[in-house]
Amino acid sequence: MTTLDSYDFSGKKALVRVDFNVPLNDKFEITDDTRIKATIPTISKILNDGGAVILMSHLGRPKDGPTEKYSLKHLVNPLSLILGKTVKFADDSIGASATELAASLKPGEVLLLENLRFYKEEEKGDEAFAEKLSKLGDVWVMDAFGTAHRAHASTAVIGKFFQDKVCGYVMQAELDNAERLLEHSERPFTAIMGGAKISDKILIIERLIDTVDNLIIGGGMSYTFSKAQGGNIGQSLLEADKQELTLELVKKAKEKGVNLILPVDTVIADKFSNDAERKIVSAGEIPDDWQGLDIGPETIKIFSEVIKNSKTVLWNGPMGVFEFPNFAQGTNAIAESVVAVTEENDAFSLIGGGDSASAINNAGYGDRVSYVSTGGGALLEYMEGKVLPGVAALEA
C-alpha cells in the first residue's frame, strides 16, 4: 500500500475520497466538524508538495437525486475557513461543471465536487460512473475510512482505473490504531460496548471475547441481556430474537475467563423524553410502563473502577440516550473514566466512531484520549476480521 509520505504530488491533480458526511442543523450549519478537520493534514501534504486537490464525498442519504438538504455546497465556506484558502465548488460530480473546473485547476488549488450520492450509481459501485470520476485526477487518494467497508464507486471500484493509488493519513491512522488494539494491546484490556442493538455488534463482541480481559455491556442492548436472564425490562429496548444469543455470549465469556459486566441499576423514565419523570431501580426490576434510558449510579461506579484499572480501552456505543441531557450521565461518566485512565494510567484508549465519538467530542474530551475513530461501522468490520473494499482497492 502506497502511503502519503512516500508519494510526491508535485504537478499532480489528486482525486481525494474524503468522508465529509457531517451533521448539519436546519440552517445548514455544521454541528460537528471532526471529520473535516481530520482530513486537513492529507489535503495540506498534497498542496505543500505542489499538487492540486479535488475532494469528493457523500453527505447523508439522498433518495431522489439532488436535494438542497444534502448539497455539499453548505461545506464550502467552513472548509475554506479551516484551510485558509478559497475552495472552488462544482455543482456536479461528473458533469461539465466538474470536468471543466478540474481541468483548469492549478497547483495549490482545491475543488470540492457535489454529493456523489446524488447519483445512484455511486452506491451501486457502478464501473462506468467510477471511470468518469477517475478522469478528473491523476492519482486517487483514499482517505474515507468511514466508508471503506462499502464497495461503492468512489471508495473501491475507482481503484482499478488508477495506476497511482495512495492511502491518506486518516485511513493510515485508523488502520494503525485498530491494529495496535487487536495485535499489541497491553493488559488488562477492557472493551465497553453500548448502543441500541446487539445485532449490530454480535461479531465484534464474539471476536472481543477471544481478546479482552473485561467486557462491559451498557446502553439499549443491555436490556436484552437482562430480559434473557429473567429480568423485567418494562418498555425498554428489546431484541426478543437475540435473547438466546446473549445467554450464549455470557456462557462463552465465562468459559474464556472474561469478566463480562452488566448494569446493576438503571435510570428509568415514564416516557421517551428528556423531561420524563425519572427513577433509579435495580436492573431487571423496571415497572411495566417504564423504560430504561441510562445506566444507574452504582453501575457507573462499577464500570468506572474496571476502566480505571485497564491499560487498553476500546469504547463503542453510548450507555444511554445521551442526546437527552437528563439521561447522558452514564455516557459522560464513562467518557470521564476513559480520559482519566488515559492520562493517569498511561492507557491506550480508542473511541470507536459513531455516537461514542460524538459523545467524547461534545464533552470536549476528543484530544484527551489516544484516538477517536471517524468510522464506526468500518472500524467494527475491520476488527471483526472482514476485508474492507476500500482497503483492498489500495492494496490491489
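Further up the page is the structure itself.
Residues numbered from 1 in each chain as written. Predicted model: local features only at pLDDT ≥ 70, side-chain atom pairs only at ≥ 80, totals over all residues. Heavy atoms only, no water.

To continue, consider the overall build of the protein. When helices and strands are counted, the protein shows 14 helices and 18 strands. For 396 residues, the compact-globule formula gives about 21 Å, and the C-alpha radius of gyration of the protein, at 22 Å, lands near that figure. Its C-alpha atoms put the protein at 65 × 40 × 35 Å along the principal axes. A total of 396 residues make up the protein; the buried ones form 57% of that total. Relative to all contacts within the protein whose residues are 6 or more apart in sequence, the contacts with residues 24 or more apart total 72%. When the accessible area of the protein is evaluated, it comes to approximately 16,600 Å², of which 46% is carbon and sulfur surface. For the protein, the distance from the average position of its 41 positive side-chain charges to the average position of its 58 negative side-chain charges is 2 Å. (Helix = DSSP H or I, 4+ residues; strand = E, 2+ residues; numbered from the N terminus. Rg over C-alpha atoms; globule rule 2.2 N^0.38 Å. Buried < 20%, exposed > 50% of the residue type's maximum accessible area, 1.4 Å probe, protein only. Contact = heavy atoms within 4.5 Å. Areas by Shrake-Rupley, 256 points an atom, 1.4 Å probe, with all protein chains shown as cover. Lys, Arg positive; Asp, Glu negative; His and termini not counted. Charge placed at Lys NZ, Arg CZ, Asp CG, Glu CD.)

Bringing the pattern of salt bridges into the picture now. Enumeration according to the criterion identifies 18 salt bridges in this entry. For Glu109, the salt bridge is made with Lys88, and the minimal N-O distance between the two is 3.4 Å. Remark: Lys88 occurs in strand E4 (residues 87-90) and Glu109 occurs in the loop between helix H3 (96-103) and strand E5 (110-113); sequence separation between them is 21 residues. A relative accessible area of 23% places Glu109 in the partly exposed class. (Salt bridge = Lys/Arg side-chain N within 4 Å of Asp/Glu carboxyl O.)

With that settled, the discussion passes to the packing of aromatic side chains. The tally for this structure, following the rule as stated, stands at three aromatic pairs. Relative to Phe129, the ring of Tyr119 lies with its centre 5.3 Å away and its plane at 35°, an arrangement referred to as tilted. With a gap of 10 residues between them, Tyr119 in the loop between E5 and helix H4 (120-124) and Phe129 in helix H5 (residues 127-134) connect regions that are remote in the sequence. Overall, the relative accessible area of 24% leaves Tyr119 in the partly exposed class. (Phe/Tyr/Trp six-rings, centres within 6.5 Å; stacked < 30°, edge-to-face > 60°.)

The subject of this paragraph is a positive patch on the surface. A contiguous patch of positive charge, built from Arg61, Lys63, Lys69 and Arg150, is present on the exposed surface. As for its position among the elements, Arg150 is in the loop between strand E6 (139-142) and strand E7 (165-167). On the accessibility criterion, Arg150 (34% relative accessible area) is partly exposed. (Patch = residues over 30% accessible without salt bridge, like charges linked within 9 Å, V, L, I, M, F, W, Y side chains within 5 Å.)

This next bit is on the side chain of Ser337. Following the sequence through the fold, Ser337 ends up in helix H11 (residues 329-344). Leaving out residues up to four positions away in the same chain, Ser337 has contacts with Ser304, Ile307 and Lys308.

A few words now on the sheet that holds E5. On the basis of which strands lie adjacent, the open sheet formed by seven strands has the order E1-E7-E6-E2-E3-E5-E4 and parallel pairing. Only two strands of the sheet have a single partner each, and these edge strands are strand E1 (2-3) and E4. (Pairing = 2+ DSSP bridges.)

Here we come to the side chain of Asn177. As for its position among the elements, Asn177 is in helix H6 (residues 169-183). Exposure remark for Asn177: the relative accessible area of 14% places this residue in the buried category. Apart from residues lying up to four places away in sequence, Asn177 is in contact with Phe348, Leu350 and Tyr371.

Here six strands make up an open sheet; going across it, the order is E11-E9-E8-E16-E17-E18 and the pairing parallel. The open sheet is flanked by strand E11 (259-261) and strand E18 (371-372), the only strands paired with a single partner. Pairing of strand E16 (residues 312-316) with strand E17 (residues 348-351) involves four bridges; the strand directions are parallel. Considered in E17, the bridge of Thr312 is made with Phe348. Of the strands in this sheet, strand E8 (189-193), strand E9 (214-217), E11 and E16 are in contact with helix H10 (residues 297-308), which crosses E9 at around 150°. (Axes fitted to C-alpha atoms, helices over the stretch in contact; angles between N-to-C directions.)

Glancing now at the layout of surface pockets. If you add up the space inside the second largest pocket, you get close to 160 Å³. Looking at the second largest pocket, the residues that line it are Asn21, Val22, Pro23, Leu24, Asn25, Asp26, Phe28, Leu59, Gly60, Lys69 and Tyr70. The class makeup of the residues in the lining of the second largest pocket is six nonpolar, three polar and two charged. (1 Å grid on protein atoms, 1.4 Å probe; cavity = no way out; pocket = protein on both sides within 12 Å on 5 of 7 lines; lining within 4 Å. Points joined across faces, edges and corners; volume = space filled by probe spheres on them. Nonpolar A, V, L, I, M, F, W, Y, C, P; charged D, E, K, R; others polar.)

Axis separation between helix H1 (residues 34-48) and helix H2 (residues 76-83) bottoms out at 11 Å; the angle between their running directions is 55°. Regarding the angle of H1 to H2, the classification is oblique. Remark: the crossing between H1 and H2 carries right-handed chirality. Where H1 abuts H2, its residues Ile36, Lys37, Ile40 and Ile43 lie against Leu79, Ile82 and Leu83. Grouping the amino acids of the contact of H1 with H2 by side-chain chemistry returns six nonpolar, no polar and one charged. (Parallel < 35°, antiparallel > 145°, perpendicular 65-115°, else oblique. Left-handed = near helix turned anticlockwise from the far one by under 90°.)

Counting along an α-helix, one turn takes 3.6 residues, and residues three or four places apart therefore face a common direction. Regarding helix H12 (residues 354-362), the residues found buried are Ser356, Ala357, Ala359 and Ile360. What you see down the axis of H12 is that its buried residues fit within an arc of 160°, all on one side. Contacts made by the buried residues of H12 are with E16, H11, E17 and E18. (Arc of directions from axis to C-beta.)

By the definition in use, this model includes one cavity of 30 Å³ or more. Looking at the largest cavity, its volume works out to about 30 Å³. Lining the largest cavity, in full, are Asp19, Arg35, Ala38, Thr39, Asp143, Val170 and Thr374. No other element matches H1, which puts three residues into the lining of the largest cavity.

This is a description of form; function is not addressed.
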